[in-house]
Amino acid sequence: MLVNQDPEQFRESAYLRQFWIELRKDTFALISVNLFLLLIALVFFGYFFAPYSADLQFAGKELMPPSWSDNGQISHFFGTDDLGRDIFSRILYGFYYTVGSALVITLAIGILGGIIGVIAGTKKGGSIFILSHLFDTFLFTPILLIAIIIATLMEPSLVNAMLAIFLAMLPHFIHKIYQMTQRELKREYVITLRLEGARKRDLIREVVLPNLTVIAVKELSHIFVIAVLDISALSFISLGATSPTPEWGAMIRDSLELIYIAPWTVILPGIAIIFTILIITMLGNSIVRVLERYRY
């Protein structure tokens with residue numbers, strides 16, 4: 001156990017309850033949390049709300065404009081594409097493929113990268129030194145470029161695109177957690193606690209991990225946003241999801257030639273990507289703001 005714990009240095013035992021109390025005081029944060037919960041609900045249950053199957057084709061209704069247009073129909077709220085497929089249904093299905101894939105990538109990086117980063121930050125030796133400099137080389141290369149290079153070595157598919165993005169972003173998160181862990185362990189009060197007999201395992205659990213929360217939330221929200229963009233980008237350049245998968249990037253790619261005669265087939269999936277990124281960014285900023293206010 002840690003000795004001589006100072007309330008200003010360590011979290012209270014009821015951390016989550018206190019965090020929720022602070023969160024409820026922030027209206028903007030509550031809105032962002034509710035929007036994110038709606039986003040997650042659409043990932044898992046969006047296809048239940050879709051009026052039609054994603055691949056169902058309506059003969060004679062190709063390139064029907066959205067319902068707010070004079071020639072549109074309410075039965076096809078966002079209109080149809082060149083094959084007569086309902087765009088509203090395909091966008092709802094797309095939450096599973098685009099946002100769901102990004103969520104899996106983010107969770108995997110958060111768990112694996114966090115464990116490796118903390119372990120590396122608490123170890124010393126030549127191997128850790130080499131690992132640190134290896135990760136430094138990744139920081140100077142754009143994530144999307146690394147993902148494209150990895151994806152070109154594999155068969156185009158959504159799973160392979162997810163793997164490529166995961167491998168491209170993992171070193172960035174490990175390096176960040178590694179640096180922050182080392183910084184926390186070098187603080188004066190941590191050194192004092194170690195001299196007083198505190199075990200390194202207890203220091204990591206009760207000091208390092210709570211103090212890494214803010215930076216981890218910042219990084220993971222950024223990773224989530226980048227993952228959504230890169231999943232769509234790889235599909236757009238035919239290195240990710242393939243037709244007829246209703247992934248938003250693939251939908252934009254398949255309809256790009258129609259942008260002048262049926263702009264809704266390109267714009268509406270793009271708007272879905274923008275709103276998703278906006279919600280994730282709002283959530284990340286709100287949680288960080290609440291955590292920093294609670295921390296200090």
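Within each chain, residue numbers correspond to sequence positions counted from 1 in written order. Since the coordinates come from a predicted model, pLDDT governs what is reported: local features require at least 70, and pairs of side-chain atoms require 80 or more to be given and counted, while whole-chain, interface and lining totals use all residues. With hydrogens and water excluded, all non-hydrogen atoms of the structure serve as input to the side-chain values.

Identification of the chain as ABC transporter permease subunit from Actinobacillus indolicus is taken from an unreviewed UniProt entry. The UniProt entry for the chain carries this comment under Sequence similarities (unreviewed entry): "Belongs to the binding-protein-dependent transport system permease family. OppBC subfamily." UniProt positions are given in the numbering used here, feature names are shortened, and annotations may be inferred rather than shown by experiment.

Draft legend 1. Layout of the layout of surface pockets. Buried and open spaces are told apart on a 1 Å grid over the protein atoms alone, a cavity being a set of points where a 1.4 Å probe fits but cannot get out and a pocket being an open set with protein on both sides within 12 Å along at least five of seven lines. Residues with an atom within 4 Å of a point are the lining residues. Grid points are joined across faces, edges and corners, and a volume is the space filled by probe spheres set on the points. Considering only enclosed or pocket space, the largest pocket measures out at about 350 Å³ in volume. As for the largest pocket, its lining consists of 15 residues, and the residues nearest its centre are Phe 36, Thr 106, Leu 220, Ser 221 and Leu 283. Listed by contribution, the elements that provide at least two residues to the lining of the largest pocket are α3 (87-122), α8 (200-236) and α10 (264-295). If you tally residues by element for the lining of the largest pocket, the top one is α8, at six residues. In the lining of the largest pocket, the residues fall into 10 nonpolar, five polar and no charged. For the purposes of this entry, the term helix denotes a DSSP run of H or I that reaches at least four residues, the term strand denotes a run of E that reaches at least two, and both are numbered from the N terminus. Just so you know the grouping, Ala, Val, Leu, Ile, Met, Phe, Trp, Tyr, Cys and Pro go in nonpolar, Asp, Glu, Lys and Arg go in charged, and all remaining residues, Gly too, go in polar.

Draft legend 2. Structural context of the nonpolar core. In this structure, Ile 91, Phe 95, Ile 105, Ile 109, Met 169, Phe 224 and Trp 248 are the most contacted members of the largest nonpolar core, which totals 75 residues. Sorting the residues of this core by element identifies α1 (15-24), α2 (27-49), α3, α5 (143-152), α6 (158-185), α8, α9 (248-255) and α10 as the ones contributing at least two each. The biggest single contributor to this core is α8, with 15 residues. Two residues qualify as a contact provided that any one of their heavy atoms is within 4.5 Å of a heavy atom in the partner residue. When near neighbours in sequence (up to four residues on either side) are disregarded, Met 169 contacts Ile 105, Ile 109, Ile 143, Ile 223, Ile 226 and Ala 227. The criterion is simple. A nonpolar core is a set of buried Ala, Val, Leu, Ile, Met, Phe, Trp, Tyr and Cys residues joined through side-chain atoms within 4.5 Å. The cut-offs for exposure are 20% and 50% of the maximum accessible area for each residue type, with area from a 1.4 Å probe on protein chains only; residues under the lower value are buried, those over the upper are exposed, and the others partly exposed.

Draft legend 3. Examining empty space enclosed by the protein more closely. According to the stated counting rule, one finds one cavity of 30 Å³ or more in the structure shown. Estimated volume of the largest cavity: approximately 60 Å³. What lines the largest cavity is simply Asp 81, Arg 85, Ile 87, Arg 90, Met 251, Asp 254, Ser 255 and Thr 265. Elements with a contribution of two residues or more to the lining of the largest cavity: α3 and α9. Per-element tally for the lining of the largest cavity: the top contributor is α9, with three residues. Each residue belonging to the lining of the largest cavity can be placed in one class, and the counts come to two nonpolar, two polar and four charged.

Draft legend 4. Structural view of α9. With seven of eight residues buried, α9 is to be regarded as a mostly interior element. Of the residues making up α9, those classed as buried are Trp 248, Gly 249, Ala 250, Met 251, Ile 252, Arg 253 and Ser 255. Backbone nitrogen of Gly 249 and a side-chain oxygen of the N-cap are separated by 2.8 Å at the start of α9; the cap is Glu 247. Distance and chemistry together define a polar contact, namely a pair of N or O atoms within 3.5 Å, with one atom able to donate a hydrogen and the other to accept it when in protein, and with adjacent residues in sequence counting only for side-chain atoms on both sides.

Draft legend 5. Focus on the packing of α2 against α3. Interaxial distance between α2 and α3 falls to 7 Å at its minimum, and their mutual angle equals 150°. Relative to α3, α2 is oriented roughly antiparallel. The two elements α2 and α3 meet at a crossing, and its hand is left-handed. In this structure, α2 uses Leu 39, Ile 40, Leu 42, Val 43, Gly 46, Tyr 47 and Phe 49 to contact α3, whose residues at the interface are Leu 92, Tyr 93, Phe 95, Tyr 96, Val 99, Gly 100 and Leu 103. The axes used here are C-alpha line fits, helices contributing only the stretch in contact, and every angle between their N-to-C directions lies in the interval 0 to 180 degrees. For classification, angles of less than 35 degrees are called roughly parallel, those exceeding 145 degrees roughly antiparallel, those between 65 and 115 degrees roughly perpendicular, and all remaining angles oblique. Less than a right angle of anticlockwise turn of the near helix away from the far helix marks a crossing as left-handed, whereas a clockwise turn marks it as right-handed.

Draft legend 6. Representation of the environment of Met 251. You can see Met 251 is positioned in helix α9. We classify Met 251 as buried; its relative accessible area is 5%. Along the primary structure Met 251 and Val 266 are separated by 15 residues, whereas in three dimensions their C-alpha atoms are 7.3 Å apart. Apart from residues lying up to four places away in sequence, Met 251 is in contact with Ile 87, Arg 90, Ile 91, Pro 246, Thr 265 and Pro 269.

Draft legend 7. Expanded view of the packing of aromatic side chains. Each aromatic pair joins two rings of Phe, Tyr and Trp (for Trp, the six-membered one) with centres within 6.5 Å, and gets the label stacked for planes under 30 degrees apart, edge-to-face for over 60, and tilted for any other angle. Taken as a whole, this structure holds 12 aromatic pairs when the rule is applied. Between the aromatic rings of Tyr 47 and Phe 48, the centroid separation amounts to 4.5 Å while the plane-to-plane angle is 35°, which identifies the pairing as tilted. The partly exposed category is assigned to Tyr 47, whose relative accessible area is 37%. Overall, Phe 48 belongs to the exposed group, its relative accessible area being 56%. Seen in terms of ring centroids, Tyr 96 and Tyr 97 are 5.2 Å apart; in terms of plane orientation they differ by 90°. Their pairing is edge-to-face. The class of Tyr 97 is partly exposed, set by a relative accessible area of 24%. Within the aromatic cluster, the residues linked to one another by ring pairs are Phe 45, Tyr 47, Phe 48 and Tyr 93.

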